[in-house]
Amino acid sequence: ARPLPAGRDKEKVENVAASKSKGAPNLYGSFVHSAPGAFLASKLGLPQPESLRRYKAGEPAPPGPVLLGGKGRVADAVRNLLGDYTFVDAVTPGVKFGALVFDATGIKTIEELQELFEFFQPAMRSIAASGRVLVIGTTPELAGSVDGQIAQRALEGFTRSVGKELLRGATSNLVYLHPEAATAATGLESTLRFVLSGKSAFVDGQVFRVGNDDAVAPASWDKPLEGKVAVVTGAARGIGATIAEVFARDGATVIVADIPAAGEALSETANKVGATALALDVTAADAAEKLAAFATERFGGIDIVVHNAGITRDKLLANMDEGRWSSVINVNLAAPHRITEGLVAAGALRAGGRVIDVSSIAGIAGNRGQTNYGASKAGVIGMVNAEAPKLAEKGITINAVAPGFIETAMTAAIPLATREGGRLLSSLLQGGQTVDVAETIAYFASPASNAVNGNIVRVCGQAMIGA
Ligand code: NAD
């Protein structure tokens, strides 16, 4: 197992990813958490990465009471939906808030942006470690008047900048809600619970778009995937193995798929999480048929498919051979596209289905030596954009995560200096864990996330470098 910095043993036990994520040691993190390192770091004013609070069943979601403000149309709904949270209306000396939540849907002019300042400025020093800032606005393009659209778009720059100012593992995110969502805003609940909990530990500076559909809460928010059949590709190790683990924890019946050569690791993962293993090369022409037949025969169909299998074959474009180019495009982009279309055409992906793709910040920011990978991962974003309205007609959603620097075998292979840089460039001053990606995928997979479609959410601690 990866040696963890002193004082982080608790996280090791809590983190379901620990056993399968074979990341390289975090030199900077280990140093500033050692006794002499901590002393030096505090003397020199060096940034200290916080041990992030992550989800544990049965624990209160935010690490303190929630300060709720704003005069929009969803503040009451938020209070009702999160009946098990403690809400307060004013800053009280000595109280550290688990979250600051602001309903900005009522902001319709540039002048009214002043309300953001008035609510957040006095509270900025009262946010608990791993606390949350959450602004809820209206989808800007649907916000009506020109002034309304401008004001709503402004929320994005505000929340992203707040994310870069927050300390001690606190994060800042924005949710845009469709203006025609019903007053009870039930479609918002899965997103609120995800963002405000430890499940979103490494999701920072992101924008979530929630549609106007109503949603039904699961019987238990600790077992939201009960009764669902889920397929995870590339699940023998790394992020895929952790997705399988989190899905099983959340109550799903899980099929883990990987190439035949990864058979031993795949069986290990399957045994560990109680999943069923399927040897499957996603690039095979009959991959969709094989998957559909296997899942239908054993479990009657598929509810959730996660296209996690992915490869890198890095080279500067000037030095790249055709094989590196095409293998990356095939595994990362052509295969998920073909499999999704195949499963939908065969009716194997049932109504209420969920497709979750894995992009990368390299597909957003671009990355030297990764023209093939960047193209494939940007193509994944295009796939989500194009398929979302089509699949919505069948009651199926499609979303993607775009991981940043996640501690896995893939990132352990990055040269040392780049690797340390990758960690420090995030607002949270560290790499993410595989569980952070898995939790975001599980949020998209939830039946209660039916109003969440066509989203690309980065799981990168607000970093913008390729991995
Ligand atoms: P990994 O290399 O540890 O695991 C990938 C798995 O996919 C392996 O088990 C591999 O055998 C499997 N696979 C490869 N080709 C396959 C094929 N043709 N058919 C079936 N399975 C196949 O990688 P990881 O770090 O866990 O990454 C998982 C996903 O996350 C990938 O899509 C990757 O591009 C993406 N991602 C990772 C990071 C990161 O920091 N680790 C960052 C951004 C995106």
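Before reading further, recall that the structure is shown in the block above.
Attention in this report is confined to the structure presented alongside it. (Residues numbered from 1 in each chain as written. Predicted model: local features only at pLDDT ≥ 70, side-chain atom pairs only at ≥ 80, totals over all residues. Heavy atoms only, no water.)

Structural notes on the overall build of the protein chain
A count of helical and extended segments in the protein chain gives 16 helices and 13 strands. The proportion of buried residues among the 467 residues of the protein chain is 55%. Partitioning the intrachain contacts of the protein chain with sequence separation of at least 6 by distance along the chain shows that 76% fall at a separation of at least 24. By element, 56% of the accessible surface of the protein chain is carried by carbon and sulfur atoms, the whole surface being about 18400 Å². (Helix = DSSP H or I, 4+ residues; strand = E, 2+ residues; numbered from the N terminus. Buried < 20%, exposed > 50% of the residue type's maximum accessible area, 1.4 Å probe, protein only. Contact = heavy atoms within 4.5 Å. Areas by Shrake-Rupley, 256 points an atom, 1.4 Å probe, with all protein chains shown as cover.)

A closer look at helix H10 (residues 287-299)
The terminal C-alpha atoms of H10 lie 18 Å apart, and with 13 residues this matches the ideal 18 Å at 1.5 Å per residue to within 8%. Among the residues making up H10, those that are buried are Ala287, Ala288, Leu291, Ala292, Phe294 and Ala295. Residues of H10 that are buried sit in contact with strand E7 (229-233), strand E8 (253-258), strand E9 (276-279), strand E10 (302-307) and helix H11 (322-345). (Expected span 1.5 Å × (residues − 1).)

Remarks on the site of the ligand
Around the ligand lies a shell of 27 residues, among which Arg237, Ile239, Asp258, Asn308 and Tyr373 are the nearest. In this structure, tyrosine 373 approaches the ligand through a side-chain N or O atom, which is 2.6 Å from an oxygen atom. Protein burial of the ligand: of its 830 Å² of free accessible surface, 95% is covered by the chains. Looking at the shell around the ligand residue by residue, the class counts come to 14 nonpolar, nine polar and four charged. (Near = heavy atom within 4 Å. Polar contact = N/O pair within 3.5 Å; in protein donor to acceptor, adjacent residues only side chain to side chain. Nonpolar A, V, L, I, M, F, W, Y, C, P; charged D, E, K, R; others polar.)

Quick look at the pairing of strand E12 (residues 397-403)
Counting buried residues along E12, seven of its seven residues qualify, which places the element largely inside the surrounding structure. Side chains Thr397, Asn399, Val401 and Pro403 project from E12 onto one buried face, and the interleaved Ile398, Ala400 and Ala402 project onto a second face that is buried too. Note: strand E11 (residues 349-358) against E12, five bridges, orientation parallel. In the sheet register, valine 358 faces E12, and the bridge partner there is valine 401. As paired elements, E12 and strand E13 (residues 456-459) share four bridges and run parallel to each other. By the bridge assignment, alanine 400 is partnered in E13 with isoleucine 456. (Pairing = 2+ DSSP bridges.)

Structural notes on the sheet that holds E9
Spatial ordering of the open sheet is given by E9-E8-E7-E10-E11-E12-E13, a layout of seven strands whose pairing is parallel. Taken across any chain shown, the strands that pair with only one partner, and hence form the sheet edges, are E9 and E13. Averaged over neighbouring strand pairs, the angle between their axes works out to 20 degrees when direction is ignored. The strands touched by helix H16 (residues 434-445) within the sheet are E10, E11, E12 and E13, with E12 carrying the most contacts at an inclination of about 165 degrees. (Axes fitted to C-alpha atoms, helices over the stretch in contact; angles between N-to-C directions.)

As for the layout of surface pockets
Taken as a whole, the largest pocket encloses approximately 810 Å³ of empty space. As for the largest pocket, its lining consists of 33 residues, and the residues nearest its centre are Arg237, Ala309, Gly310, Ile311 and Met410. Of all the secondary structure elements, the ones that give two or more residues to the lining of the largest pocket are helix H8 (238-249), helix H13 (371-392) and helix H14 (409-412). When grouped by side-chain class, the residues that make up the lining of the largest pocket number 16 nonpolar, 12 polar and five charged. Taken together, 30 residues line the second largest pocket, and the ones lying closest to its centre are Tyr55, Ala61, Tyr85, Arg193 and Ser197. Elements that contribute at least two residues to the lining of the second largest pocket include exactly helix H7 (189-196) and H16. Here the residues of the lining of the second largest pocket sort into 12 nonpolar, eight polar and 10 charged. (1 Å grid on protein atoms, 1.4 Å probe; cavity = no way out; pocket = protein on both sides within 12 Å on 5 of 7 lines; lining within 4 Å. Points joined across faces, edges and corners; volume = space filled by probe spheres on them.)

A closer look at H11
Within H11, the axis deviates most sharply at asparagine 330, by approximately 45 degrees. Taken together, the buried positions of H11 are Val328, Ile329, Val331, Asn332, Leu333, Ala335, Pro336, Ile339, Thr340, Leu343 and Val344. Taken together, the buried residues of H11 touch H10, E10, E11 and H13. Glycine 347, located one to two residues past H11, shows a positive phi value of around 75 degrees. (Bend = angle between axes of the 7 residues up to and from the residue.)

With respect to the packing of H10 against H11
Packed helix pairs are specified by the crossing angle of their axes together with the interaxial distance, meaning the distance between the axes. Look at H10 against H11: their axes get within 8 Å of each other, and the N-to-C directions meet at 45 degrees. Overall, the two elements H10 and H11 adopt an arrangement that is oblique. Remark: the crossing between H10 and H11 carries right-handed chirality. On H11, the residues that touch Ala287, Ala288, Leu291 and Ala292 of H10 are Arg338, Ile339, Gly342 and Leu343. (Parallel < 35°, antiparallel > 145°, perpendicular 65-115°, else oblique. Left-handed = near helix turned anticlockwise from the far one by under 90°.)

Observations concerning the pattern of salt bridges
In this structure the tally under the stated criterion is 20 salt bridges. As a salt-bridge pair, lysine 71 and glutamate 115 come within 4.0 Å of each other at their nearest N and O atoms. Within this pair, whereas lysine 71 is found in the loop between strand E1 (66-69) and helix H4 (75-81), its partner glutamate 115 is found in helix H5 (residues 114-120), the two being separated by 44 residues in sequence. The class for lysine 71 is exposed, based on a relative accessible area of 69%. When the shortest N-O distance is used, the salt bridge between lysine 390 and glutamate 387 registers 3.8 Å. Of this pair, lysine 390 and glutamate 387 both sit in helix H13, separated by three residues, roughly a single helical turn. Residue lysine 390 is classed as partly exposed on the basis of its relative accessible area, which comes to 48%. For glutamate 387, a relative accessible area of 6% translates into the label buried. A single network of salt bridges, built from pairs that share partners, joins Arg53, Lys56 and Glu59. (Salt bridge = Lys/Arg side-chain N within 4 Å of Asp/Glu carboxyl O.)

Things to note about the packing of H8 against helix H9 (residues 263-273)
For the pair H8 and H9, interaxial distance at closest approach is 9 Å and the crossing angle is 20 degrees. Relative to H9, the element H8 lies roughly parallel. H8 and H9 meet at a crossing whose hand is right-handed. Along the contact surface, H8 presents Ala241, Ala244, Glu245 and Ala248, while H9 presents Thr269, Lys272 and Val273.

The values reported here are purely geometric and, on their own, carry no functional implication.
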